[in-house]
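Spelled out, the chains give:
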Protein chains: 2
Amino acid sequence: MKSDKVSEQTTKRLSIYLRCLNELAAAGQVSVSSEACAKRFGLNSAQIRKDLANFGEFGHRGVGYNVSALREHLIRILGLDRQHSVGIIGAGRLGTALADYYRVLDSNFAVAALFDNDKDKIGKKVGDIEIFDIKNFAAVAKRDNIEVAVIAVPAGEAQATIEIIDKTGISAVMNFAPVRLRASAHIKLKSVDMTTTLESLSYFLANDSQ
Amino acid sequence: MKSDKVSEQTTKRLSIYLRCLNELAAAGQVSVSSEACAKRFGLNSAQIRKDLANFGEFGHRGVGYNVSALREHLIRILGLDRQHSVGIIGAGRLGTALADYYRVLDSNFAVAALFDNDKDKIGKKVGDIEIFDIKNFAAVAKRDNIEVAVIAVPAGEAQATIEIIDKTGISAVMNFAPVRLRASAHIKLKSVDMTTTLESLSYFLANDSQ
DNA sequence: AACTGTGAAGGGCTTCACAGCG
DNA sequence: CGCTGTGAAGCCCTTCACAGTT
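Residues numbered from 1 in each chain as written. Chains lettered and ligands numbered in written order. Predicted model: local features only at pLDDT ≥ 70, side-chain atom pairs only at ≥ 80, totals over all residues. Heavy atoms only, no water.

**Notes on the overall build of chain A**
Here is the rule we go by: Starting at the N terminus, helices and strands are each numbered in turn, a helix being any DSSP run of H or I of at least four residues and a strand any DSSP run of E of at least two. Throughout, exposure labels follow a simple rule: accessible area from a 1.4 Å probe, protein chains only, divided by the maximum for the residue type, with under 20% read as buried, over 50% as exposed, and the rest as partly exposed. The contact definition used throughout considers only heavy atoms, calling two residues in contact when any of these lie within 4.5 Å.
Helix and strand counts for chain A stand at 8 helices and 10 strands. Along the first, second and third principal axes, the C-alpha set of chain A runs to 65 × 50 × 35 Å. Taking all 210 residues of chain A together, 52% fall into the buried category. For chain A, the share of sequence-separated contacts (at least 6 apart) that also reach a separation of at least 24 residues comes to 56%.

Right under this line is the structure:
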């Protein structure tokens, strides 16, 4: 039963399920039940079935799911059957580390370019990824068909950065700067806020623990 | 009205509120209403009031909240009125970038030590932070009073790493490895999974966007 | 017999709406 | 009058439980 609106949380879990299936496939397992999968990876079996049911009927009653078939389905559903080009804005420590991280991670995401406003960095390379002037973002993004922009600039420059991204029509943004960004509605923005995460852990240390 | 159980999401937002208050304080604003704050930072005013009400009555009816007083309250609630010592395990690109990131970020979190199992790295320094043998984790963690452990090792080593952390009694862990970790109940684990985040963005690119 | 797909129940978080207070 | 603090409503997500299918 194809559903029109799939929740954000479901899409996150699809990615987790895919990872589980990769493990199972690597272990040579052919078939898996939602219950077995849930037990092994600490999930809820009803939720797995419900999440998958958003996209079709992939299971076989009395049997379970075929590992490799379901894997293929998830890859297609998540749009991982083709390469995605990523641009990282901010070629400081974090930006370059992320560039490196995504390169190693064998995935369908490839960092095509880095951007910065520091003249000393522009023109240099990180591995084989060139650092461009942020002023040329639109042109390079178009040339390299960048679909995902990663913000790794200081907090104070993040809002201006997402506005530059916005103008180019890129619709997927991952933000690492510790600020709440405002962007137009067509942009899908995911923020990784380490300050917030740490402070929330601090609350736990101060209150919950023990 | 003090509540016994505060939701995870509330604690995350407290951190965001604190950031807002810092901005307002820096701008010299003395007082702010939940409505004005919500508008400015894209939040919901009722939620702000409700979140704060978990910890006391900080507002003044007809007036709003005193910026600096509320700021002090949040700092205390979040346990940010003292320094926290952080240990980063994995001195690769990501681990060292994070070490650098946390150093710059002027906060109450200070990276006390890095850990690795690579003999070539052990003994070296990143800035003024020494890289220790992971075998000495318990001893160094105790010596430096490490309260928060950050996992920045390859996926395959993450589970073993959290087990090492677990044994020392550290109860706050931030994980950057792209795996779902199992830990004993007393550990508060926050995972930042870039693979999951990117794949979820990929779903959006493949389906939602226009 | 085993396991999926799903209606219904349950639980939690967010938002509304307003009483109450300054 | 303005704004907080909060009961109630609404919404969404998760979990249960089982009918249906192979």
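**Concerning the side chain of Thr 96 of chain A**
The test is simple: A 3.5 Å cut-off defines polar contacts: any pair of N or O atoms within that distance qualifies, except that in protein one atom must be a possible hydrogen donor and the other a possible acceptor, and neighbouring residues in sequence count only when both atoms are side-chain atoms.
With respect to the helices and strands, the residue Thr 96 of chain A is situated in helix α5 (residues 93-104). When its relative accessible area of 11% is taken as the criterion, Thr 96 of chain A is described as buried. Here Arg 93 of chain A takes part through its backbone oxygen, which lies 3.1 Å from a polar atom of the side chain of Thr 96 of chain A. In this structure, Thr 96 of chain A is in contact with Ala 91 and Val 126 of chain A together with Arg 93 of chain B, ignoring residues within four places of it in sequence.

**Remarks on the protein's contact with DNA strand D**
Operational definition: The rule for a residue being near a molecule or strand is that one of its heavy atoms must lie within 4 Å of it.
Close to DNA strand D lie 24 residues; Arg 13 and Gln 47 of chain A together with Ser 34, Arg 49 and Tyr 65 of chain B are nearest. What you see for DNA strand D is that sugar and phosphate hold 62% of its atoms within 4 Å of the protein. Side-chain polar atom of Arg 13 of chain A to a phosphate oxygen of DNA strand D: 2.6 Å apart, as the coordinates give it. In this structure, Gln 47 of chain A approaches DNA strand D through a side-chain N or O atom, which is 2.9 Å from a sugar or linking oxygen.

**Side note on the side chain of Glu 199 of chain B**
Let me state the cut-off plainly: The charged-residue count follows a simple rule in which Lys and Arg add positive charge and Asp and Glu add negative charge, with His and chain termini not counted at all. Should a side-chain nitrogen of Lys or Arg be within 4 Å of a carboxyl oxygen of Asp or Glu, the pair is scored as a salt bridge.
Topologically, Glu 199 of chain B is positioned in helix α8 (residues 194-208). With no salt bridge to any partner, buried Glu 199 of chain B finds its closest opposite charge in Arg 19 of chain A, at an N-O distance of 6.3 Å. In contact with Glu 199 of chain B, not counting residues within four places along its chain, are Ser 15, Leu 18, Leu 78, Leu 80 and Phe 109 of chain A.

**A closer look at the relation of the copies chain B and chain A**
This is how it is decided: Alignment of copies: least-squares fit on C-alpha atoms of residues with pLDDT of at least 70 in both copies.
Mapping chain B onto chain A calls for a screw motion: a turn of 180 degrees about the axis and a shift of 0.0 Å along it, with 0.1 Å RMSD after fitting. These values place the two chain copies in the arrangement generated by a two-fold rotation axis. The C-alpha atom lying nearest the rotation axis in chain B is that of Ala 97 of chain B; the distance is 3.1 Å.

**Structural notes on helix α7 (residues 155-168) of chain B**
Residues and elements named next belong to chain B. Let me state the cut-off plainly: The arc in question is formed by the directions pointing from the helix axis toward the C-beta atoms.
What α7 keeps buried is the set Ala 158, Thr 161, Ile 162, Ile 165 and Asp 166. Projected down its long axis, α7 carries its buried residues within an arc of 140 degrees, all on one side. Exposed and oriented more than 90 degrees from the buried face of α7 are Gly 156 and Lys 167. Of the surrounding secondary structure, the elements contacted by the buried residues of α7 are β4 (84-89), α6 (137-143), β8 (148-151), β9 (172-175) and β10 (188-191).

**Digging into the domain arrangement of chain A**
Put simply, the rule reads: Each domain's extent was defined by an automatic or database domain assignment.
Per the domain assignment, the segments making up chain A are domain 1 (8-77) and domain 2 (84-194). Using only C-alpha atoms to locate each centre, domain 1 of chain A and domain 2 of chain A end up separated by 32 Å.

**Observations concerning helix α2 (residues 34-41) of chain B**
Residues and elements named next belong to chain B. The complete set of buried residues in α2 reads Ser 34, Cys 37, Ala 38 and Phe 41. Buried positions in α2, seen along its axis, are confined to an arc of 100 degrees and lie on one side of it. Contacts made by the buried residues of α2 are with α1 (8-26), β1 (31-32), α3 (45-53) and β3 (64-66). Positive backbone phi, at 70 degrees, marks Gly 42, one or two positions downstream of α2.

**Focus on the layout of surface pockets**
Cut-off, in case you're wondering: Cavity: a set of points on a 1 Å grid over the protein atoms alone where a 1.4 Å probe fits but cannot get out. Pocket: an open set with protein on both sides within 12 Å along at least five of seven lines, its lining residues, like those of a cavity, having an atom within 4 Å of a point. Grid points are joined across faces, edges and corners, and a volume is the space filled by probe spheres set on the points. When residues are grouped by polarity, Ala, Val, Leu, Ile, Met, Phe, Trp, Tyr, Cys and Pro land in nonpolar, Asp, Glu, Lys and Arg in charged, and all others, Gly among them, in polar.
One number sums up the size of the largest pocket: a volume of about 1,900 Å³. Together, 39 residues line the largest pocket, and Lys 12 and Ser 191 of chain A together with Lys 12, Ser 191 and Thr 197 of chain B are the ones closest to its centre. Residue composition of the lining of the largest pocket, grouped by class: 13 nonpolar, 11 polar and 15 charged.

**Some points on the environment of Met 174 of chain B**
If you trace the backbone, Met 174 of chain B turns up in strand β9. Taking the C-alpha atoms as reference points, Met 174 of chain B and Phe 109 of chain B, separated by 65 residues in sequence, lie 13 Å from one another.

**Structural notes on the state of the cysteines**
What counts here: The disulfide criterion is simple: two cysteine sulfur atoms within 2.5 Å.
Within this structure, the stated rule accounts for 0 disulfides over all chains. Summary of cysteine pairing: Cys 20 of chain A is not part of a disulfide, and the nearest cysteine sulfur, belonging to Cys 37 of chain A, is at 4.8 Å.

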